[in-house]
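# Residue-level structure breakdown
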Amino acid sequence: MATTTIKLPAHVDPAIVRHCSLFDRRPTYDNPYETVIPAIHEGPAVFFADNISVNQPGWVVRRGADIRRLYADTEYFHKRGNTGFAALIGEDWDMIPTELDPPVHHGFRSQLAPIYSPTRMMSLQASISNRANEIIERFRARGECEFVRDFAVSFPVSIFLDLLNLPQDRIDELVRWVNDLIHRDQHDLRVAAVLAIKQLLVETIADRRRNPGEDLISQAMTLEVDGRKWTDREIFGHAFNLYIGGLDTVTSNLGLHFHHLATHPDDQETMRRNDHNSNVVAIEELLRAFAAVSNYRICAKRYELDGQVMMPGDYLVLCSPLAARDPEFYESPHEIRFDRRPSHVTLGNGIHRCLGQHLARRELQTAIEEFFKAIPAFTVEPGYKVPFFLSGVIHIKELPLRWS
Ligand code: HEM
């Protein structure tokens, strides 16, 4: 049922228009994985929503099998300009590789793959563990922390700063910008955030031209595409992609995973007893069950799905939280089964599958393992109602943990 005053494209049947509260950009005290998401799975396989992103109507696909297929479909759906970050400041650079389409995408992605390989990411293990421990040490003796503020936000940012060889005292700025850009609606704040991130990255690129090192920007300067080195604009586009792709995603997953462990003592106990390899398997199930990120596509050619027609220029959201809880795809999708070994789309599918997936997994594993080593069984502060936030990246706003 239509609940909105948006101007509908002529090819969209008004009967298929609905508001999708999953993208409301507001807090809720109901766990969306138990409320909003199952409710969407009772509706049509595909519908048109007024609000898939800020001021952006578009198609929502509900079924896991469709989401999987469309993630990988680069013929009917493209990504160029789909994030809108460059347009926010009146520019037209691409986030690399996420806003590139084939065949250009392949030239850049194939060069980046070795830099983000499992082996390269394994070589960062000691510094990732050190960062986790440094942060945990700040609150360990207190017997409590506000997990999102005290750990989940700063941990991936500290690793990002290490990857770029930037000083750790920039954490607060980086956190503020990512928050303004991804979680706030005010246009001027979002514009200011893009400009500030751009300035930091452009200055860092200029510095690395003069003083190359081992950091990711210096490494990008050695890469080639079409027989030439990457330009500064392309290196910036990649660094911006890392900033957008590698911080908030990890923060939201950490919040959701730790919330589950704090509210399910048996699962926490199992993971405390597990060896590393069993926890690697358990974390895949947490990744599956608490998929948080939605990604966007723009229709490139007329496409028909379940009787609905998408036309070139239409926006579409591929919502991994919906894929994660599709009862047609998973048996008992709301049960967390550590031995499930699920295939999932939490990290995407097809050519755009998460470039940082090996780092992401390492960060999640390290956070859980170092927390377990330093801190005894933890729970959520008694009586506290946990605020979730509904948006293109589902996350928890505050998670007060207690231990004794
Ligand atoms: C748990 C944390 C993470 C989640 C859930 C996640 C999720 C995703 C998803 C779903 C995609 C596919 C986007 C699409 O198809 O439109 C993606 C792509 C990407 N991610 Fe991640 N990500 C995470 C962590 C990271 C980290 C730590 C980095 C940086 C090192 C990173 C960098 C990227 C990049 C550069 C792409 C674009 C790949 C391409 O288009 O070829 N991500 N991520």
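Each chain carries its own residue numbering, running from 1 in the written order of its sequence. Predicted model: local features are reported for residues with pLDDT of at least 70 only, side-chain atom pairs are reported and counted for 80 or more only, and whole-chain, interface and lining totals are derived from all residues. Excluding hydrogens and water, the side-chain figures rest on all heavy atoms present in the structure.

Take the coordination of the iron atom of the ligand next. Donor atoms (N, O, S) are those found within 2.8 Å of the metal centre, with the cutoff raised to 3.2 Å for Na, K and Ca; water is not part of the atom list, so apparent gaps in a site can occur. One donor from the polypeptide reaches the iron atom of the ligand: Cys354 (SG), at 2.3 Å. Within the secondary structure, Cys354 is located in the loop between helix 16 (320–324) and helix 17 (357–374). Each helix is a run of H or I in the DSSP string that is no shorter than four residues. Each strand is a run of E no shorter than two, and both are numbered from the N terminus.

A word on the pattern of salt bridges. Any carboxyl oxygen of Asp or Glu that lies within 4 Å of a side-chain nitrogen of Lys or Arg is treated as forming a salt bridge with it. For the coordinates displayed, the defined rule picks out 33 salt bridges. We note a salt bridge from Arg26 to Asp24, for which the minimum N-O separation is 3.1 Å. Across the salt bridge formed by Arg361 and Glu284, the nearest N and O atoms sit 2.6 Å from each other. With a gap of 77 residues between them, Arg361 in helix 17 and Glu284 in helix 15 (residues 276–289) connect regions that are remote in the sequence. Each member of the pair, Arg361 as well as Glu284, is classed as buried. Linked by salt bridges that have partners in common, Arg63, Asp66, Arg69 and Asp306 make up one network. Under the scheme applied here, a residue whose accessible area is under 20% of the maximum for its type counts as buried, over 50% as exposed, and between as partly exposed, the area being computed with a 1.4 Å probe on protein chains only.

Looking now at the pairing of strand 4 (residues 56–61). Here a strand pair is declared whenever DSSP counts at least two bridges between the two strands. Alignment of strand 3 (residues 46–53) against strand 4, held across 5 bridges, turns out to be antiparallel. The residue bridging Phe47 from the neighbouring strand is Val60, located in strand 4. Taking the residues that link successive antiparallel strands as the turn, the strand 3-strand 4 hairpin has 2 residues, and the phi of Asn55 there is positive, at about 55°. With 2 bridges connecting them, strand 4 and strand 12 (residues 315–319) associate as parallel partners. Residue Val60 lies in a different strand from strand 12, and its bridge partner there is Val317.

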